[in-house]
Amino acid sequence: MQKRKVSFPESIVILIILLAVLGISVIKFGLSPEVPVLFTVLLLTFWAKLRGFSWKDVQDGIKEGIGVAIIPIFIFILIGALIGLWIKAGIIPSIMVLGFHLISGSFFVPSVFIVCAIVGVAIGSGFTTISTVGIALFGIGSSMGANPALVAGAIISGAVFGDKMSPLSDSTNLSSAVAESELFAHIKNMMWSTIPSFIVSLILFWILGNNGKMDPTKIERTSAILQSNFTISWWAILPILLMLICAWRKIPAIPTLFLNITITVIMIFVQNPHESVQSLNNLIMNGFVAKTSDASVNALLTRGGISSMMATVALIISTLSLGGMLMKFNVVQSAMDPVVKHLRKPGPLVTVTIFSGICINLFVGEQYLSVILPGRAFKPAYDKMGLAPLALSRVLEDGGSVINYLIPWGVAGSFAAATLGVPVLSFLPFAFFSLFSPIFSIISGFSGIGLKWTKKQK
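Residues numbered from 1 in each chain as written. Predicted model: local features only at pLDDT ≥ 70, side-chain atom pairs only at ≥ 80, totals over all residues. Heavy atoms only, no water.

Some points on the overall build of the protein chain
Within the protein chain one finds 23 helices and zero strands. Radius of gyration (C-alpha) of the protein chain: 23 Å, near the 23 Å computed for a compact globule of 458 residues. Seen through its C-alpha atoms, the protein chain measures out along the principal axes to roughly 70 × 50 × 40 Å. Scored against the burial criterion, the 458 residues of the protein chain give a buried share of 57%. (Helix = DSSP H or I, 4+ residues; strand = E, 2+ residues; numbered from the N terminus. Rg over C-alpha atoms; globule rule 2.2 N^0.38 Å. Buried < 20%, exposed > 50% of the residue type's maximum accessible area, 1.4 Å probe, protein only.)

Right, here's the structure in full:
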């Protein structure tokens, strides 16, 4: 056992090497993250055998790591099927046509941010917001000639805001539970960092998106193509209303998606009673293939299907295998424990907690673990200092779940990139809400503004 105990310096060296391999491969050489992640798993396995860990330890670490994402993986598969069906049924094209009439060119990017934020709060899922309303808004932006990375950044920023501030959100409930704070008090307390981040993001989206000019000719042509190739109707809003009702009734994501898929399939058969089971099966499996007279519309609406999510699923499995091994071998815990013992003031404590969440996102790639691990590690320090559980729960959210969208090999980042077709490193500079949330949380820690203390300490 002594031979297998990992020291603090050793854990730091391991994490630096793994991060260097991932960073150089993805950022410098522009590689897809799947192979570099597998290579880091190989390196960690080789190190584990040299340190006396058994093959069973390695396998258990992989199984435990993957186990936390079984439900999200299944949800991704259902979302892939739903995207193809929504395009075939005319739901996403209908939203695009409606958006052409409601959104102005100069206010387009800020309005994307606001709409996704509202939908995200109502649904409680950043993934669902991005893969439904987000795709439609992205299509409008493409038709306007807007910067795809900027539009994707606005979509993701709004979705993250909604996911963060919704009582229906898994990550919000998790942060509250880990810190042992009351849910709605937690949401209210997050406003100290969330509202400033929202305002700064909105201003930046206004400035950067103010150059957008709607070309009436191109918009009218795109709208005409959509209306001639898809069923554009008012009842396309029904699946979206159904999703909002399910969220309001607190129905879990899997039955909600299954119900939405069923309703959408019924809509397809109503529109075309001669639709074959074979073509529907191919649609669910391989997604929708647009065959209009416009190449840009075809590129935009050729997406969805279970197969479209398989690369994301492969990346998630590989990343969580790496994270599970790091946890099994106590590498992450050994790196964090000595740091916790030397924190004496709120500012440094909040800052280290934030950066711990960011680092776990980098090394493990899973937003839930980026909340759970720092929460467990730092809770005694917050209690000892007299800070309320609300202080910890807000920091866990600002440094954990919102950052995962900025990691190319992260669960949320890889999903957003695959869904919108924009690489993470392209939209990262424009995902302002995720970038500013930890900054304002750190400012709160040093200034004391919005920092909650226990009644005794206060």
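Back to the write-up after that little detour.
Brief notes about the environment of P429
Mapped onto the fold, P429 is located in the loop between α22 (424–427) and α23 (432–447). Judged by its relative accessible area of 42%, P429 falls in the partly exposed class. Along the backbone, P429 and I372 are 57 residues apart, and their C-alpha atoms lie at a distance of 27 Å.

Observations concerning the packing of aromatic side chains
Scanning the entire structure with this criterion turns up 15 aromatic pairs. When the ring of F161 is compared with that of F198, the centres are 4.9 Å apart and the planes differ by 50°; the resulting orientation is tilted. Pair noted here: F161 is in helix α8 (residues 148–165) and F198 is in helix α10 (residues 183–209), with a separation of 37 residues, a long-range link. The class of F161 is buried, set by a relative accessible area of 13%. With a centroid separation of 5.6 Å and 45° between ring planes, the pair formed by F230 and F288 is classed as tilted. (Phe/Tyr/Trp six-rings, centres within 6.5 Å; stacked < 30°, edge-to-face > 60°.)

A closer look at the pattern of salt bridges
Tallying each qualifying case throughout the model produces six salt bridges. Note that K56 and D60 form a salt bridge whose closest N and O atoms lie 2.8 Å from each other. Pair noted here: K56 and D60 are both in helix α3 (residues 55–67), with a separation of four residues, about one helical turn. Given a relative accessible area of 55%, K56 falls into the exposed group. Its relative accessible area of 14% is what places D60 among the buried residues. When salt bridges that share partners are traced, they join K56, D60 and K63 into one network. (Salt bridge = Lys/Arg side-chain N within 4 Å of Asp/Glu carboxyl O.)

So, the side chain of S401
The topology assignment puts S401 in helix α20 (residues 389–401). Only 3.2 Å separates the side chain of S401 from the side chain of E397, close enough to count as a polar contact. (Polar contact = N/O pair within 3.5 Å; in protein donor to acceptor, adjacent residues only side chain to side chain.)

Structural notes on a nonpolar patch on the surface
Together, F107, M191, I195, I199, I203, W206, I207 and L208 give the surface a local cluster of nonpolar side chains, amounting to about 720 Å² of exposed area. One can find I199 in helix α10. For I199, a relative accessible area of 44% translates into the label partly exposed. (Patch = residues over 30% accessible without salt bridge, like charges linked within 9 Å, V, L, I, M, F, W, Y side chains within 5 Å. Areas by Shrake-Rupley, 256 points an atom, 1.4 Å probe, with all protein chains shown as cover.)

Description of unusual backbone geometry
One non-glycine residue, N330, lies in the positive phi region at around 60°. Position of N330 relative to the elements: it lies in the loop between α16 (310–328) and α17 (331–341). Among the residues examined, N330 registers a relative accessible area of 39% and is labelled partly exposed.

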